[in-house]
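Observations on the three-dimensional arrangement
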Protein chains: 2
Amino acid sequence: MKEIKSIAALAARFGMLPGVGRKTALRYAHAVIDLSEQEIEAFCAALKDVKSSVRLCSVCGNYTDSEVCDICAVRQSKKICVVSYPKDVTAIEQTGAFDGVYHVLHGTLSPMNNRTPDDLNIKSLMTRLDDVEEVIVATNPDVEGEATAVYLARLIKPLGIKVTRIAQGISMGSELEYADAVTLTQALGRRTEL
Amino acid sequence: MKEIKSIAALAARFGMLPGVGRKTALRYAHAVIDLSEQEIEAFCAALKDVKSSVRLCSVCGNYTDSEVCDICAVRQSKKICVVSYPKDVTAIEQTGAFDGVYHVLHGTLSPMNNRTPDDLNIKSLMTRLDDVEEVIVATNPDVEGEATAVYLARLIKPLGIKVTRIAQGISMGSELEYADAVTLTQALGRRTEL
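Anyway, here's the lowdown on the structure attached to this text. It should be emphasised that the depicted structure is a prediction, and the values quoted were computed from it without experimental measurement.

The subject of this paragraph is the interface of chain B and chain A. On the chain A side, the residues contacting the 59 residues of chain B number 59 residues. Where chain B abuts chain A, roughly 5600 Å² becomes buried across the two surfaces, and 66% of that area is made up of carbon and sulfur atoms. On the surface where chain B and chain A come into contact, there are two salt bridges. Glu41 of chain A is the salt-bridge partner of Lys48 of chain B, the closest N and O atoms lying 3.9 Å from each other. Across the chain B-chain A interface, the total number found is nine residue pairs in polar contact (both at pLDDT 80 or more). Listed by contribution, the elements that provide at least two residues to the side of chain B that touches chain A are α1 (5-14), α2 (22-33), α3 (37-53), β2 (63-64), α4 (70-74) and α5 (86-95) of chain B. Sorting elements by how many residues they give to the side of chain B that touches chain A places α3 of chain B first, with 14 residues. Split into classes, the residues belonging to the side of chain B that touches chain A amount to 31 nonpolar, eight polar and 20 charged.

Let us now look at the relation of the copies chain B and chain A. Superposing chain B onto chain A requires a rotation of 180° together with a translation of 0.0 Å along the rotation axis, leaving an RMSD of 0.1 Å. Here the two chains are linked by the operation of a two-fold rotation axis. It is Cys44 of chain B whose C-alpha, among those of chain B, lies nearest the rotation axis, at 2.6 Å. Most of the interface of chain B is mirrored in chain A, where 100% of its interface residues are also at the interface.

This paragraph deals with the side chain of Arg27 of chain A. With respect to the helices and strands, the residue Arg27 of chain A is situated in helix α2 (residues 22-33). Looking at Arg27 of chain A, the relative accessible area reads 14%, which means it is buried. Once residues within four sequence positions are removed from consideration, Arg27 of chain A is found in contact with Pro18, Lys87, Glu175, Glu177 and Tyr178 of chain B.

In this structure, Lys79 of chain A sits in strand β3 (residues 79-83). Not counting residues up to four positions away in its chain, the partners in contact with Lys79 of chain A are Phe98, Gly100, Val101, Glu134 and Arg191 of chain A.

With that settled, the discussion passes to α2 of chain A. Here α2 of chain A is 12 residues long and its end C-alpha atoms lie 17 Å apart, about the 16 Å a rise of 1.5 Å per residue gives. Counting buried positions along α2 of chain A yields nine of 12 residues, so the element is predominantly enclosed. Every buried residue belonging to α2 of chain A is among Ala25, Leu26, Arg27, Tyr28, Ala29, His30, Ala31, Val32 and Ile33 of chain A, and all of these are buried. Where α2 of chain A is buried, its residues contact α1 (5-14) and α3 (37-53) of chain A together with α2, α3, β2 and α5 of chain B.

To continue, consider the packing of aromatic side chains. What the rule picks out here adds up to seven aromatic pairs over all chains. Summarising the aromatic geometry, the rings of Phe14 of chain A and Phe43 of chain B are spaced 5.3 Å apart at their centres and angled 85° between planes, so their arrangement reads as edge-to-face. On the criterion of chain membership, the pair formed by Phe14 of chain A in helix α1 and Phe43 of chain B in helix α3 is interchain, its members lying in two chains. Phe43 of chain B matches Phe14 of chain A in its accessibility class, with the two residues each being buried. In this structure an aromatic cluster arises from ring pairing among Phe14, Tyr28 and Phe43 of chain A together with Phe14, Tyr28 and Phe43 of chain B. In this arrangement the basic side chain of Lys87 of chain A is found over the ring face of Tyr85 of chain A, its NZ or CZ atom lying 5.2 Å from the centre.

Another aspect to go through is α1 of chain A. Of the positions making up α1 of chain A, those classed as buried are Ser6, Ile7, Leu10, Ala11 and Phe14 of chain A. Viewed end-on, α1 of chain A has its buried residues packed into an arc of 135°, placing them on one side of the element. Summarising the contacts, the buried residues of α1 of chain A are in contact with α2 of chain A together with α1, α3 and β2 of chain B.

Calculation notes
- Residues numbered from 1 in each chain as written.
- Chains lettered and ligands numbered in written order.
- Predicted model: local features only at pLDDT ≥ 70, side-chain atom pairs only at ≥ 80, totals over all residues.
- Heavy atoms only, no water.
- Contact = heavy atoms within 4.5 Å.
- Buried area = accessible area lost by both parts, 1.4 Å probe.
- Salt bridge = Lys/Arg side-chain N within 4 Å of Asp/Glu carboxyl O.
- Polar contact = N/O pair within 3.5 Å; in protein donor to acceptor, adjacent residues only side chain to side chain.
- Helix = DSSP H or I, 4+ residues; strand = E, 2+ residues; numbered from the N terminus.
- Nonpolar A, V, L, I, M, F, W, Y, C, P; charged D, E, K, R; others polar.
- Least-squares fit on C-alpha atoms with pLDDT ≥ 70 in both.
- Buried < 20%, exposed > 50% of the residue type's maximum accessible area, 1.4 Å probe, protein only.
- Expected span 1.5 Å × (residues − 1).
- Phe/Tyr/Trp six-rings, centres within 6.5 Å; stacked < 30°, edge-to-face > 60°.
- Lys NZ or Arg CZ within 6 Å of the ring centre and 35° of its normal.
- Arc of directions from axis to C-beta.

Put into structure tokens, the structure is as follows:
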């Protein structure tokens, strides 16, 4: 039995989402058949709306639907927390353990994948350091995240700014966005100077 | 920090898919931001296409994009395998262990949820039994699936037709669509008469 073309096509689309395998994609596609036409219209509208309305904060690089993100618009802080991706900002905000501002690199250094400092949102970070006391590097605790942290420390410490790293309470190789709030809070509390 | 409206809206849509929790939905929504506009257009087209092109086979109730599904169009068999959902047909077909035809109930009996025999695709099953030797009931091995199997046996056995149940090699409470091919094959091979 060959899979119905339109179901296979939709499953292929779902398969492009992170962590979605063949079986899960097919399960999602089957679930869509049971949605009403209104729900599917709304689904499409939501997909397009995200693409058209979301852009990057001109200050920190986080996702926003205006010029400057909610955090940069409201908070004044001498602490900048540097993360790899916008989802990491969400994860840290949910702990409530950090009241500073963020900077989103949109990636990590990776010689293997040809990602150099120029590919990351680092230049605009350097323009934000005038009145800053501490830069907390909260990249993932894996090889690329560590390399990025070391690179930033070498770049920023000579400016007389304290550079810290979130504590390795998070197990090596795991992903920051999936850490529970307690682990993330501890990692922020026990940050060590680089 | 409040989540950006359009991202939250899209995450809510993803949250309607089976097994997708809040964190996973948000992860999917973030992944959509990284898709190109062409990819999002294609995603929407695939969503709408599934809804407009997929209908139920007039013989067995399985999903199809024509009047009769691929299986009913090609196979002649005196064995009908009764399943709860179209995804279960896909699961059994992937084992290659069954060469008969199917009948999709689109649900199970559930007094708790007010699902009676009239809500299931049972009437059209009864019209298919003239030349049938065996009805294999392959509903999930849970309370509702068992109740449905017993109901069908009581209905069909008086007609002189053998009614069998797939073997309980599948662990109680699990879901048929996630069983591996070997387990499903064994369950088909060791089916017991009801």
